[in-house]
Amino acid sequence: AGELISPCRCAGGQKYVHLSCLRWWQRTVLVAQPTHPNLYDMDTRQRICNVCKSEFTCPPPSRAELLASVTGPELAALIDEGVMVASSRNFSQELESQLAVFP
């Protein structure tokens, strides 16, 4: 599972966590949060340890990094504040049919 780190002030058996596991958990929390910018700071679970209440030494990914990890950098580069991305059913079906020819 990778490198073990000590990202907060926890001690004993809870002191160490795999960096990849912490990153996965932080991404999971971010995905579950509301997307309105005014609500970003209300949920601190991705930044603050829920056991010792200290801030993690490795900050969570930004929303842009999170989006890029899901969609790839091309689509993430199109996203900016005030931008909405949408697709029609016909366009999505056309893309799916084009992708179906690849192994």
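Residues numbered from 1 in each chain as written. Predicted model: local features only at pLDDT ≥ 70, side-chain atom pairs only at ≥ 80, totals over all residues. Heavy atoms only, no water.

### So, the overall build of the chain
So, step 1. Scanning the chain from N- to C-terminus turns up 4 helices and 2 strands.
So, step 2. In sequence order, the chain lays out its α and β elements as β-β-α-α-α-α.
So, step 3. On C-alpha atoms alone, the chain measures out to a radius of gyration of 18 Å, which is more than a quarter above the 13 Å that the 2.2 N^0.38 rule sets for 103 residues.
So, step 4. Taking the principal axes of the C-alpha coordinates as reference, the chain spans close to 55 × 40 × 20 Å.
So, step 5. Contacts spanning at least 24 positions in sequence make up 44% of the contacts within the chain whose residues lie at least 6 apart.
So, step 6. When the accessible surface of the chain is split by element, carbon and sulfur atoms take 59% of a total near 7900 Å². (Helix = DSSP H or I, 4+ residues; strand = E, 2+ residues; numbered from the N terminus. Rg over C-alpha atoms; globule rule 2.2 N^0.38 Å. Contact = heavy atoms within 4.5 Å. Areas by Shrake-Rupley, 256 points an atom, 1.4 Å probe, with all protein chains shown as cover.)

### Section: the layout of surface pockets
So, step 1. Roughly 240 Å³ of internal volume is contained in the second largest pocket.
So, step 2. Forming the boundary of the second largest pocket are 14 residues, of which Val17, Leu22, Cys49, Asn50 and Phe56 lie nearest the centre.
So, step 3. Top element by residues in the lining of the second largest pocket is helix H1 (residues 19–32). It accounts for 4 residues.
So, step 4. In the lining of the second largest pocket, the residues fall into 11 nonpolar, 2 polar and 1 charged. (1 Å grid on protein atoms, 1.4 Å probe; cavity = no way out; pocket = protein on both sides within 12 Å on 5 of 7 lines; lining within 4 Å. Points joined across faces, edges and corners; volume = space filled by probe spheres on them. Nonpolar A, V, L, I, M, F, W, Y, C, P; charged D, E, K, R; others polar.)

### Overview of the nonpolar core
So, step 1. Counting 7 residues, the largest nonpolar core is built from Ile5, Cys8, Cys10, Leu22, Cys49, Phe56 and Cys58.
So, step 2. Residue contacts for Ile5: discarding those within four places in its chain leaves Lys15, Tyr16, Val17, Leu19, Leu22 and Cys58. (Core = buried A, V, L, I, M, F, W, Y, C linked by side-chain atoms within 4.5 Å. Buried < 20%, exposed > 50% of the residue type's maximum accessible area, 1.4 Å probe, protein only.)

### Let's talk about the packing of aromatic side chains
So, step 1. Under the criterion given, the structure shown has 1 aromatic pair.
So, step 2. Plain terms: the ring middles of Trp25 and Phe56 are 6.3 Å apart, the flat faces sit at 85° to each other, and that makes the pair edge-to-face. Here Trp25, found in helix H1, pairs with Phe56, found in the loop between H1 and helix H2 (63–71); they are 31 residues apart in sequence, far enough to count as distant.
So, step 3. According to the relative accessible area criterion, Trp25 is partly exposed, its value standing at 28%.
So, step 4. Judged by relative accessible area, Phe56 falls into the buried class, the value being 11%. (Phe/Tyr/Trp six-rings, centres within 6.5 Å; stacked < 30°, edge-to-face > 60°.)

### Considering the packing of H1 against H2
So, step 1. Contact pair H1 / H2: the axes reach a minimum separation of 11 Å and the direction vectors enclose 100°. Here H1 is positioned roughly perpendicular relative to H2, judged by the angle of their axes. Side by side, H1 and H2 meet where Arg27, Leu30 and Val31 of the first sit next to Arg63, Leu66 and Ser69 of the second.
So, step 2. Grouping the amino acids of the contact of H1 with H2 by side-chain chemistry returns 3 nonpolar, 1 polar and 2 charged. (Axes fitted to C-alpha atoms, helices over the stretch in contact; angles between N-to-C directions. Parallel < 35°, antiparallel > 145°, perpendicular 65-115°, else oblique.)

### Observations regarding the environment of Arg23
So, step 1. Its location among the elements puts Arg23 in helix H1.
So, step 2. For Arg23, a relative accessible area of 24% translates into the label partly exposed.
So, step 3. Put simply, Arg23 and Ser87 are 64 residues apart on the chain and 30 Å apart in space, counted from C-alpha to C-alpha.
So, step 4. Apart from the residues within four sequence positions on either side, Arg23 is in contact with Cys58, Pro59, Pro60 and Pro61.
So, step 5. In this structure the side chain of Arg23 is engaged in a polar contact, spanning 2.9 Å, whose partner is the side chain of Gln26. (Polar contact = N/O pair within 3.5 Å; in protein donor to acceptor, adjacent residues only side chain to side chain.)

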